[in-house]
Amino acid sequence: MFRLRDADAPRAAKTRIVERQPLGREAFFSQVSREMPARDRLVVVFVHGYNESYQEAVLRMAELGEALGPNALPVLFSWPSRASVFSYDADRDAAIYARDDLVDLLTALSQVQANPDVAVIGHSMGGWLVMEALRQLRLSGRDDVIDHLQVALAAPDIDPSVLVRQLGAVGRMDPAITLLVSPDDRALALS
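On a predicted model such as this, the values are computed, not experimentally measured, just so you know. (Residues numbered from 1 in each chain as written. Predicted model: local features only at pLDDT ≥ 70, side-chain atom pairs only at ≥ 80, totals over all residues. Heavy atoms only, no water.)

Novice: Please explain the side chain of H148 as it appears in this structure.
Specialist: Structurally, H148 is set in the loop between helix 5 (143–146) and strand 6 (149–154). Here P116 takes part through its backbone oxygen, which lies 3.1 Å from a polar atom of the side chain of H148. Leaving out residues up to four positions away in the same chain, H148 has contacts with S110, N115, P116, D117 and V118. (Helix = DSSP H or I, 4+ residues; strand = E, 2+ residues; numbered from the N terminus. Polar contact = N/O pair within 3.5 Å; in protein donor to acceptor, adjacent residues only side chain to side chain. Contact = heavy atoms within 4.5 Å.)

Right, here's the structure in full:
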């Protein structure tokens, strides 16, 4: 768990992390359970992308939390990227390895309280990981988990034909999956 700038600091202040506290699984979900009612029960899970270190992912998640405001409870799902532009295949393997852990996290978050809202944002290769987790949840009959999820994919690193297959397996979601892309994303075109 990370604590951001002091609560009385101005909103325009640059995001910075001022404290880090390691939590075990039980303590983490207990903290989430305590935080959800105070934040109107919206948990936002950020799944980082390719070539992003843990430290960069923490800062990106903190910036996202600041942008979302006090009603969101940001949660980072970090998988072991090598954080190197030359490690695409290794990052893909690491994302595959992390899929079951993301499914486990989403399942647990959907059960923390009655009817929780869980938003999931997957960036780049994190978008592929999110889609694979959704596919796994649907194929294993976990509609009860999917029903609590709102999903956005930002510049997802997914081949269009693979995305069509993933969407076919996942099926309709309510609300629908939001797809954020830019036609001039050179990094995505390169991957």
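What follows picks up the thread again.
Novice: Explain the environment of P116 to me, please; I cannot follow it from the model alone.
Specialist: Here P116 lies in the loop between helix 3 (88–109) and strand 5 (117–123). Of the residues examined, P116 reaches a relative accessible area of 1% and is grouped as buried. Spatially, the C-alpha atom of P116 lies 9.4 Å from that of P37, the residues being 79 residues apart in sequence. (Buried < 20%, exposed > 50% of the residue type's maximum accessible area, 1.4 Å probe, protein only.)

Novice: Looking at this structure, how should I read the pairing of strand 6?
Specialist: Residues in a regular strand point their side chains to alternate faces of the sheet. Of all 6 residues making up strand 6, 5 are buried, and the element is well covered by its neighbours. The pairing of strand 5 with strand 6 spans 6 bridges and is parallel. Within the sheet, the bridge partner assigned to H123 lies in strand 6 and is A154. Pairing of strand 6 with strand 7 (residues 178–180), which is carried by 3 bridges, proceeds in the parallel orientation. The residue bridging A152 from the neighbouring strand is T178, located in strand 7. Handedness of the β-α-β unit built from strand 6, helix 6 (residues 160–170) and strand 7 comes out right-handed. (Pairing = 2+ DSSP bridges. Right-handed = clockwise from strand over helix to strand, strands pointing away.)

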